[in-house]
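Residues per chain are reported as follows:
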Amino acid sequence: MFNNNVFSEPFGETTDVEIWLSRAGLKFEDLGNDVTSILIRKQWREYQAAVQRCCATLHQPPERVQLSGVYQKLRIPSSKATIENCFS
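Remember, it's a predicted structure, so these values are computed and weren't measured experimentally.

Calculation notes
Residue indices begin from 1 for each chain and proceed along its sequence in written order. Confidence filtering applies because this is a predicted model: local features only for residues at pLDDT of at least 70, side-chain atom pairs given and counted only at 80 or more, and all residues used for totals across whole chains, interfaces and linings. Heavy atoms throughout the structure, all of them, feed into the side-chain values; hydrogens and water do not. Put simply, DSSP H or I for four residues or longer makes a helix, DSSP E for two residues or longer makes a strand, and each gets a number counted from the N terminus. Whenever two N or O atoms come within 3.5 Å, that pair is a polar contact, provided that in protein one can donate a hydrogen and the other can accept it, and provided that, for residues adjacent in sequence, both atoms are side-chain atoms. The criterion used for residue contact is that any of the two residues' heavy atoms lie within 4.5 Å. Expected span of a helix, by definition, is 1.5 Å for each gap between consecutive residues, and there is one gap fewer than residues. Categorising residues by exposure relies on relative accessible area from a 1.4 Å probe, with only protein chains included: less than 20% of the type maximum marks a residue as buried, more than 50% marks it as exposed, and the intermediate range marks it as partly exposed. Think of a patch as exposed residues, more than 30% relative accessible area, with no salt bridge, where like charges cluster within 9 Å and nonpolar side chains (Val, Leu, Ile, Met, Phe, Trp, Tyr) cluster within 5 Å. With residues, only the protein chains shown are counted as cover, and all accessible areas are computed by Shrake-Rupley using a 1.4 Å probe. In the sections that follow, a salt bridge refers to a side-chain nitrogen of Lys or Arg positioned within 4 Å of a carboxyl oxygen of Asp or Glu. When charges are counted, neither His nor the chain ends are considered; positive counts come from Lys and Arg and negative counts from Asp and Glu. Charge placement uses NZ in Lys and CZ in Arg. For Asp and Glu, CG and CD serve respectively.

1. Comments concerning the side chain of Thr-14
Okay, step 1: Along the chain, the position of Thr-14 falls in the segment before α1 (17–22).
Okay, step 2: Of note is the side chain of Thr-14, whose polar atom sits 2.9 Å from the backbone nitrogen of Asp-16.
Okay, step 3: Non-local contacts of Thr-14, meaning those with residues more than four positions away in its chain, are made with Ile-19, Trp-20, Arg-23, Trp-44, Tyr-47, Gln-48 and Pro-62.

Here's what the structure looks like:
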């Protein structure tokens with residue numbers, strides 16, 4: 001039987017960096033001290049701040065909220081190609 005509850009992209013937010021990185025096909029071990037890794041770490045901090053604000057406002061755990069609007073871009077770490085294109 002077909003399950004109508006399957007989502008094509010992750011639903012809900014996370015406080016686990018490994019889960020967040022996996023949304024872009026990355027692992028924590030992939031990060032180094034290069035510019036791309038530094039930008040991904042910065043995005044993680046921005047993502048966590050947005051998730052904490054949203055959870056506090058809605059009185060819900062991260063798994064029950066989903067960022068949208070200007071914060072939606074923080075949900076999935078920027079890929080190396082995307083970040084490198086910003087500097088081209």
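Next comes the rest of the account.
2. Some points on the environment of Arg-75
Okay, step 1: Looking at where Arg-75 falls in the secondary structure, it is placed in the loop between α2 (35–58) and α3 (80–86).
Okay, step 2: Sequence separation between Arg-75 and Gln-43 is 32 residues; the distance between their C-alpha atoms is 9.2 Å.
Okay, step 3: Separated by 3.0 Å, the side chain of Arg-75 and the backbone oxygen of Gly-12 make a polar contact.
Okay, step 4: For Arg-75, the side chain forms a polar contact with the side chain of Glu-13, separated by 2.7 Å.

3. Describing the environment of Lys-42
Okay, step 1: Tracing the chain through its elements places Lys-42 in helix α2.
Okay, step 2: Distance from Lys-42 to Pro-77, taken between C-alpha atoms, is 10.0 Å for residues 35 residues apart in sequence.

4. Some thoughts on α2
Okay, step 1: Spanning 24 residues, α2 covers 35 Å between terminal C-alpha atoms, matching the ideal 34 Å at 1.5 Å per step.
Okay, step 2: Of all the positions in α2, only Thr-36, Ser-37, Ile-40, Gln-43, Trp-44, Tyr-47, Gln-48, Ala-50, Val-51, Cys-54 and Cys-55 are classed as buried.
Okay, step 3: Residue Asp-34 occupies the N-cap position of α2, its side-chain oxygen lying 3.3 Å from the main-chain nitrogen of Thr-36.

5. As for a negative patch on the surface
Okay, step 1: Together, Asp-16, Glu-18, Glu-29 and Asp-30 make up a negatively charged patch on the protein surface.
Okay, step 2: For Glu-18, the location among the structural elements is in helix α1.

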